[in-house]
Amino acid sequence: MQVKLSPEKKIEMLKRMILIRNFEERAAEYFSRGLIRGSLHTSVGQEAVSVGVCFALKDNDYIQTTHRGHGHILAKGLDEKLMMAELFGKANGYCHGKGGSMHVANLDMGVLGANGIVGGGNPVAVGAAFAFSYKKTGQVSVSFFGDGASNNGTFHESCNLASAWKLPIVFVNENNGVAISTLFKTISGTVNIADRA
């Protein structure tokens, strides 16, 4: 099914992608200068995936994201100033500065949370989808994950439950070909991750 987008919507989506790229580059700069503590993983180059998915969602749909979640969260519509405050550990951040880069959540905006555990978000997104199905809310849950996460048992278990229970969930694999620093093709018997589902 092809969706027709108005010129205004296309411009809005492009602006959001540019916002995400600028945010990520600025965050990486601050991190390299030692101004942001802990770990920081950017989603530079993955902006179109975040925006394409999140712009297709309703406001009350939920996302579960990864350790590279800034782009997903900004694509969902959260405020970049509050997001940056969170990275800096400020009390006015989304999690009062306690979530940092890899554990940002905001249930009011449909962000179940970022997850520092590779593949750890899939079961959380399945849980939300189960709640939506049980309550018949019409909402959808989205789980973003990388190619490395598809090697985890949680991925297979989550896909199985989602299929068996016909849950309203979308699994979004952002396959950059590298599981942290390992070429994915060297640790997987399949090229197409969707085949695993």
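Use the structure listed above.
Thresholds applied
Residues numbered from 1 in each chain as written. Predicted model: local features only at pLDDT ≥ 70, side-chain atom pairs only at ≥ 80, totals over all residues. Heavy atoms only, no water. 1 Å grid on protein atoms, 1.4 Å probe; cavity = no way out; pocket = protein on both sides within 12 Å on 5 of 7 lines; lining within 4 Å. Points joined across faces, edges and corners; volume = space filled by probe spheres on them. Helix = DSSP H or I, 4+ residues; strand = E, 2+ residues; numbered from the N terminus. Nonpolar A, V, L, I, M, F, W, Y, C, P; charged D, E, K, R; others polar. Buried < 20%, exposed > 50% of the residue type's maximum accessible area, 1.4 Å probe, protein only. Contact = heavy atoms within 4.5 Å. Pairing = 2+ DSSP bridges. Axes fitted to C-alpha atoms, helices over the stretch in contact; angles between N-to-C directions. Lys, Arg positive; Asp, Glu negative; His and termini not counted. Salt bridge = Lys/Arg side-chain N within 4 Å of Asp/Glu carboxyl O. Phe/Tyr/Trp six-rings, centres within 6.5 Å; stacked < 30°, edge-to-face > 60°.

### Observations regarding the layout of surface pockets
(1) Moving on: What the largest pocket holds in volume is close to 360 Å³.
(2) Moving on: Considering the residues around the largest pocket, the lining is formed by 25 residues, among which His-67, Arg-68, Val-118, Gly-146 and Asp-147 are closest to the centre.
(3) Moving on: Listed by contribution, the elements that provide at least two residues to the lining of the largest pocket are helix 5 (121-135), strand 3 (141-146) and strand 5 (178-179).
(4) Moving on: Here the lining of the largest pocket gets 3 residues from one element, more than from any other, and that element is strand 3.
(5) Moving on: Considered class by class, the residues forming the lining of the largest pocket number 8 nonpolar, 14 polar and 3 charged.

### Focus on the environment of Val-111
(1) Moving on: Structurally, Val-111 is set in strand 2 (residues 111-113).
(2) Moving on: Classification of Val-111 by relative accessible area gives buried; the value is 0%.
(3) Moving on: Spatially, the C-alpha atoms of Val-111 and Thr-186 are 33 Å apart, while their sequence positions differ by 75 residues.
(4) Moving on: Setting aside its immediate chain neighbours within four residues, Val-111 contacts Ile-63, Ile-73, Lys-76, Leu-78, Val-104, Ala-105 and Asn-106.

### Some words on the sheet that holds strand 3
(1) Moving on: In space, the 4 strands of this open sheet follow the order 2-1-3-4, with parallel pairing throughout. Single-partner strands in this sheet number two, and they are strand 2 and strand 4 (169-174). On average, each strand axis in the sheet is inclined to that of its neighbour by 20°, with strand direction left out of account.
(2) Moving on: Sheet topology note: the strand 1 (residues 62-64)/strand 2 ladder contains 2 bridges and is parallel.

### Section: the side chain of Glu-86
(1) Moving on: Examined against the element boundaries, Glu-86 turns out to sit in helix 4 (residues 80-87).
(2) Moving on: No salt bridge is formed by the buried Glu-86, whose closest oppositely charged neighbour, Lys-98, lies at an N-O distance of 9.2 Å.
(3) Moving on: If sequence neighbours within four positions are ignored, Glu-86 has contacts with Gly-93, Tyr-94, Cys-95, His-96, Gly-97, Lys-98, Gly-99, Gly-100 and Val-104.

### Describing the pattern of salt bridges
Pairs may arise between side chains of opposite charge once their charged atoms sit close together.
(1) Moving on: With the rule as written, the count across this model stands at 5 salt bridges.
(2) Moving on: The shortest N-O distance in the salt bridge between Arg-26 and Glu-29 comes to 3.7 Å. Here Arg-26 and its partner Glu-29 are both found in helix 1 (residues 7-32), 3 residues apart, which amounts to about one turn of the helix.
(3) Moving on: Here Arg-26 falls in the partly exposed class, since its relative accessible area comes to 42%.
(4) Moving on: Given the relative accessible area of 34%, Glu-29 is considered partly exposed.
(5) Moving on: Between Glu-29 and Arg-33 there is a salt bridge; the shortest N-O distance is 3.0 Å.
(6) Moving on: Via salt bridges that share partners, Arg-26, Glu-29 and Arg-33 belong to a single interconnected network.

### Here we look at the packing of aromatic side chains
(1) Moving on: With the rule as written, the count across this model stands at 5 aromatic pairs.
(2) Moving on: Aromatic side chains Tyr-62 and Phe-132 sit 5.4 Å apart centroid to centroid with 75° between the ring planes, which places their arrangement in the edge-to-face category. Highlighted residues: Tyr-62 in strand 1 and Phe-132 in helix 5, separated in sequence by 70 residues. In terms of burial, Tyr-62 and Phe-132 fall into one category: buried.
(3) Moving on: Judged by centre distance (5.4 Å) and plane angle (50°), the ring pair of Phe-130 and Trp-165 falls under tilted. Note that Phe-130 is positioned in helix 5 and Trp-165 in the loop between helix 6 (153-164) and strand 4, a separation of 35 residues in sequence.
(4) Moving on: Residue Trp-165 is classed as partly exposed on the basis of its relative accessible area, which comes to 45%.
(5) Moving on: What links up through ring pairs into an aromatic cluster is the set Phe-130, Tyr-134 and Trp-165.

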